[in-house]
Amino acid sequence: MSDRPLPHPDRDSAPYWEGVRAGELRLQRCSSCGAWRWPARAICNRCHSFAAEWVAVSGLGTIISWVRTHQVFMRAFQDDVPYVTVEVQLDEQDDIRMIGRLADPGTPPVIGMRVRASFAGDPPLVEWRPAEPST
């Protein structure tokens, strides 16, 4: 058994984690106005509706910030240091941003780099990989 912290899905986040296990990035979307919600919550911050659905999204986004961690903050991650954590602005909506690890430690992070969600580990977590250029 790993000593790494594990996700603890609750009523609001369970559909997200089900999507991750299925290899999909799913977000909550307001059924009334269509706004995306992240993190998941009971009420839409735009129209105040309680109606929502969970939808698989593209998993594409752009790095808007990053940090390379050299310090061991938790013993469970000491073998991973150094690692890069990125803030990704998702394509679906400008104010939807997710934090996660850049999957390939050899890939230099760059502001503006296009990335795609990927899923790794047991239980799986979302990581970010450089997106293939569109042709």
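Refer to the structure presented above.
Draft legend 1. Molecular detail of the overall build of the chain. Looking only at helices and strands, the chain features 1 helix and 8 strands. Listing every helix and strand of the chain by position from the N terminus yields α-β-β-β-β-β-β-β-β. Expected size for 135 residues packed as a compact globule is a radius of gyration near 14 Å; at 16 Å, the chain falls within 12% of this value. In terms of overall dimensions, the chain has C-alpha extents of about 45 × 40 × 25 Å along its principal axes. The 135 residues of the chain split such that 36% are buried. Put simply, 50% of the contacts in the chain that link residues at least 6 apart link residues at least 24 apart. Of the accessible surface of the chain, which amounts to about 8,200 Å², a share of 51% is contributed by carbon and sulfur atoms.

Draft legend 2. A look at the pattern of salt bridges. Applying the stated criterion to the full structure yields 7 salt bridges. Among the salt bridges present, the one from Glu-24 reaches Arg-26, with a minimum N-O distance of 2.6 Å.

Draft legend 3. Examining unusual backbone geometry more closely. For the bond from Val-81 to Pro-82, the omega torsion is -5°, close enough to zero to count as cis. Examined against the element boundaries, Pro-82 turns out to sit in the loop between β4 (60-69) and β5 (83-90). Residue Pro-123 follows Asp-122 across a cis peptide bond; omega there is 5°. Topologically, Pro-123 is positioned in the loop between β7 (114-120) and β8 (125-130). Residues other than glycine seldom take positive phi values, yet His-48 does so here, at roughly 70°. Among the secondary structure elements, His-48 is positioned in the loop between β2 (36-37) and β3 (52-56).

Draft legend 4. Local environment of the pairing of strand β1 (residues 26-30). As paired strands, β1 and β3 are joined by 5 bridges and run antiparallel to one another. Counted as the bridge partner of Gln-28 is Trp-54 from β3. Relative to β2, β1 runs antiparallel, the two sharing 2 bridges. Paired with Gln-28 across the two strands is Arg-37, which belongs to β2. In this structure, the hairpin formed by β1 and β2 is closed by a connection of 5 residues, where Gly-34 is found at a positive phi of approximately 85°.

Draft legend 5. Geometry of the side chain of Gln-93. Turning to its location among the elements, Gln-93 is positioned in the loop between β5 and β6 (97-102). The class of Gln-93 is buried, set by a relative accessible area of 11%. Of the polar contacts made by the side chain of Gln-93, one reaches the side chain of Asp-95; its length is 2.6 Å. Setting aside its immediate chain neighbours within four residues, Gln-93 contacts Ala-35, Trp-36 and Arg-46.

What counts and what doesn't
Numbering of residues starts from 1 in each chain and follows the order in which that chain's sequence is written. With the structure being a predicted model, the display of local features is reserved for residues of pLDDT at least 70 and the display and counting of side-chain atom pairs for 80 or more, all residues being used for whole-chain, interface and lining totals. Heavy atoms throughout the structure, all of them, feed into the side-chain values; hydrogens and water do not. Secondary structure elements follow DSSP: runs of H or I no shorter than four residues count as helices, runs of E no shorter than two count as strands, and numbering proceeds from the N terminus. Just to be clear, the radius of gyration here is over C-alpha atoms, and the globule rule we use is 2.2 Å times residues to the power 0.38. Whether a residue is buried, partly exposed or exposed follows from its accessible area with a 1.4 Å probe, protein chains only, as a fraction of its type maximum: under 20%, in between, or over 50%, in that order. Whether two residues touch is decided by their heavy atoms; if any such pair falls within 4.5 Å, the residues are in contact. Residue-level accessible areas treat just the shown protein chains as cover; the underlying method is Shrake-Rupley with a 1.4 Å probe. Counted as salt bridges are all cases of a side-chain nitrogen of Lys or Arg within 4 Å of a carboxyl oxygen of Asp or Glu. Strand pairing is defined by DSSP finding a minimum of two bridges between the two strands. Throughout this description, a polar contact denotes any pair of N or O atoms lying within 3.5 Å of each other; where both atoms belong to protein, one of them has to be capable of donating a hydrogen while the other can accept it, and for residues adjacent in sequence the pair is counted only when both atoms sit in side chains.

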